[in-house]
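Examining the three-dimensional arrangement
One letter stands for each residue in the lines below.
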Amino acid sequence: MPRTRVVCAHDCPDMCSLIAEVEEGRLVRLQGDPDEAYTAGFACAKVNRDMEVVHSPDRLRTPLRRTGPKGSGQFEPITWDAALDEITARWKAIIAESGPEAILGYAYSAHQGHMNRRLVSGLFHALGASRLQAGTVCDTCCETAWDMTCGPVGGTDPESVIHSDLVIAWGCDLMAVNVHFWALLEKVRKTGVKLVVIDPRRSQTAARADWHLPIRIGTDAALACGIAHVLLRDGLLDRDYIAAHTLGFERWAAEVLPDFPPARVAEITGLSVADVERLAAMYGAAKASLIRLGEGMTRLAKGGQALRAVATLPALTGAYGREGGGALLLAAGSMDFQFGVLNRPSGPANARMVNHLALGEALEEMRDPPLRALFIAANNPAVTNPDVNRLRRALSREDLFTVVHDPFLTDTARYADIVLPATTYLETEDFFRSYGSYRMQYAPAAIPPQHEARSNFHLAQELGRRMGLTDAVFSAAPRDLVPEFFKGATGIIAAVDPARVFDGPVKVTPPAAQEFRTPSGRLEIFSETLAKQGVPPMPVWEEDPIETADAVRWPLRLLTAPGYFQAHTAYAASPFLRRREGEPCAILHPDEAARRGLAEGQKVLLFNDRGKVGLVLRVSDEVQPGVVLVPGQRPDTEAVSGTVNMLCDERRTDMGEGACYQSTFLDIAAWRDVA
């Protein structure tokens, strides 16, 4: 049976090396690559079922043209030539009448291969179209906060956890989003290393930890400031490291930390004074503590301050200077490949920007020129974006020419004028760089494109040629572009021979001590950049006035988290995984359910001023009173009604202009009472 080493391209930090087995043209098995140390011979439960996705009977087989109202899902098959002729004719006419900024390319991360992820954006860059400020639905807040603190650089090597003496998963459900780090950590814990989980939810990771602290949503900065307060009070600081490698500590210690004694921190976070003291003492005693940072703590109004406060802690104990110590948010910043050949092959230096999370706003409000054409790939914004009701209304514009490239007829594709069948990652070849570990690899396709599907990369090339673009990237073979990524590269990838990536996974190792790439070359507790932007220049917890007002009006706060089998709609094509996850649900504490007369398994309605969503109720003390948890991002067709992001608005975070999903307040009632 033919076996091919491939790479998982789902949006996940692990970037697993996989072995694909094919029989008579069908993918029959996927398993972890036993020769790759980090993947360690196993794949997660989701990826193990990707055969169902590749060979799903629901795959789009041909291009489609809309025949009914937008959103109705009424289409007829057309040929690829007819589809491409119509697309390019419409685009050329729009450019002639309104200029290229009337077009927006909207592609993101459903395919983590850099060829397929980046060349679509490069196409629209070269055309001079409006540009996507990508990632604001996901990680721009946490990345910006990290950059303001440590600089654009990767964090601790996760494989160095074998040298750690304490691990804290702060807002990170490792079993859902980082399962191979979890497997490595489990081996380390057998030596006596403790795992502390700080999370509003008793996740599967929290339930298996040595200690779980169920912090209130949005109070992470207060807890971090409280830990720093105790470290300062009790003489647990590494003064030499602070003096040599940080900027602004004395000012922070004088102006901020006195406001966060354990009693106040306990009041803010919902933890006990004893727990705050115990955590700070434990952290201060550790020499090589490692904090695995989650992105979820930053998806709220003051999310940037939260991450800055937590990311500062390893500097106070000197953990950043020791192997196995420090913090890890992302690794990609230290693997600075030259992807501009794909992202920016040509085109103007500047063009109008559209915030990823605010597509509805842009479609309804942008002028001079208004957006008249939209191309969406590797994204499902009609489910994943905040204020989904507004976005769907905007996508319904009859004067908006929309093209969607996807393997399936998604909620978003139902609003398209033209739908194009896309390959899955297992039908493409690509170059991969992990964002959660220090690894890279090139992968061939496991099987040919199914039906009439085409990859993002080859579609972008064809559209580029038809639009008259002559950049070499629009005719190059994918493999031939790999050496371009290494040209001029510095740091840990400078010595890597590009040819090595074709032979299998390549591991690079960052310095044992954390590097800082801030303007000062130090960890910046005080950021002059933030001060100039009018943002608090030192990490601090502050109440957000809008959140405070919403909390008075609405009794519950929304918590969203990845599902264990349906993290997002990319897995929706697997019937097995949908069954394992269960119906789209809302999880409520028993006290809150009893107060409303609600019972397990009942259909309920979540509602606020922005929308109404019907889900099935689960009653569990895995969440605290005052919280409703909705795991995963699920399409309308699976829920009782709607999708959870109908309840979220388009507010921006304090840094990075990110989405504030966790700054959503609402109530819940029986379906019959409100529907």
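Our subject in this report is the structure included herewith.

Cut-offs used in this document
Residues numbered from 1 in each chain as written. Predicted model: local features only at pLDDT ≥ 70, side-chain atom pairs only at ≥ 80, totals over all residues. Heavy atoms only, no water. Helix = DSSP H or I, 4+ residues; strand = E, 2+ residues; numbered from the N terminus. Rg over C-alpha atoms; globule rule 2.2 N^0.38 Å. Buried < 20%, exposed > 50% of the residue type's maximum accessible area, 1.4 Å probe, protein only. Contact = heavy atoms within 4.5 Å. Areas by Shrake-Rupley, 256 points an atom, 1.4 Å probe, with all protein chains shown as cover. Lys, Arg positive; Asp, Glu negative; His and termini not counted. Charge placed at Lys NZ, Arg CZ, Asp CG, Glu CD. Expected span 1.5 Å × (residues − 1). Phe/Tyr/Trp six-rings, centres within 6.5 Å; stacked < 30°, edge-to-face > 60°. Lys NZ or Arg CZ within 6 Å of the ring centre and 35° of its normal.

Attention shifts here to the overall build of the protein. In terms of regular secondary structure, the protein is built from 24 helices and 27 strands. For the protein, the C-alpha radius of gyration of 24 Å lies close to 26 Å, the compact-globule estimate for 675 residues. Expressed as lengths along the three principal axes of its C-alpha atoms, the size of the protein is roughly 70 × 65 × 55 Å. In the protein, which comprises 675 residues, the proportion classed as buried is 63%. The contacts of the protein with a sequence gap of at least 6 include a subset with a gap of at least 24, amounting to 76%. About 23900 Å² of surface is accessible on the protein, with carbon and sulfur atoms providing 50% of the total. Here the protein contributes 71 positively and 84 negatively charged side chains, and the mean placements of these two sets differ by 2 Å.

On to the environment of Ile 103. Locating Ile 103 in the fold gives a position in strand β6 (residues 103-107). A relative accessible area of 1% places Ile 103 in the buried class. Once the C-alpha coordinates of Ile 103 and Arg 131 are considered, the two residues, 28 residues apart in sequence, prove to be 8.9 Å apart. Excluding residues within four positions of it along the chain, Ile 103 makes contact with Trp 91, Ile 94, Ile 95, Phe 124, Ala 129, Ser 130, Leu 371 and Ala 373.

Attention shifts here to helix α3 (residues 114-127). Between its first and last C-alpha, α3 extends 20 Å over 14 residues, near the 20 Å set by a 1.5 Å rise per residue. Within α3, 12 of the 14 residues are buried, leaving the element largely enclosed by the surrounding structure. Residues of α3 that are buried include every one of His 114, Met 115, Asn 116, Arg 118, Leu 119, Val 120, Gly 122, Leu 123, Phe 124, His 125, Ala 126 and Leu 127, and no others. The first or second residue beyond α3 is Gly 128, which carries a positive phi of 80 degrees.

Bringing the packing of aromatic side chains into the picture now. Counting across every chain of the model gives 13 aromatic pairs. Pairing Phe 337 with Phe 339 gives two aromatic rings, centres 5.6 Å apart and planes at 40 degrees, and the pair type is tilted. Phe 339 matches Phe 337 in its accessibility class, with the two residues each being buried. Its guanidinium or amino end placed over the ring of Phe 260, Arg 264 lies 5.0 Å from that ring's centre, counting from NZ or CZ. The ring of Trp 80 has Arg 454 sitting right over it, with the charged end atom 4.2 Å from the ring centre.

Everything listed here is a matter of geometry and, on its own, says nothing about what the molecule does.
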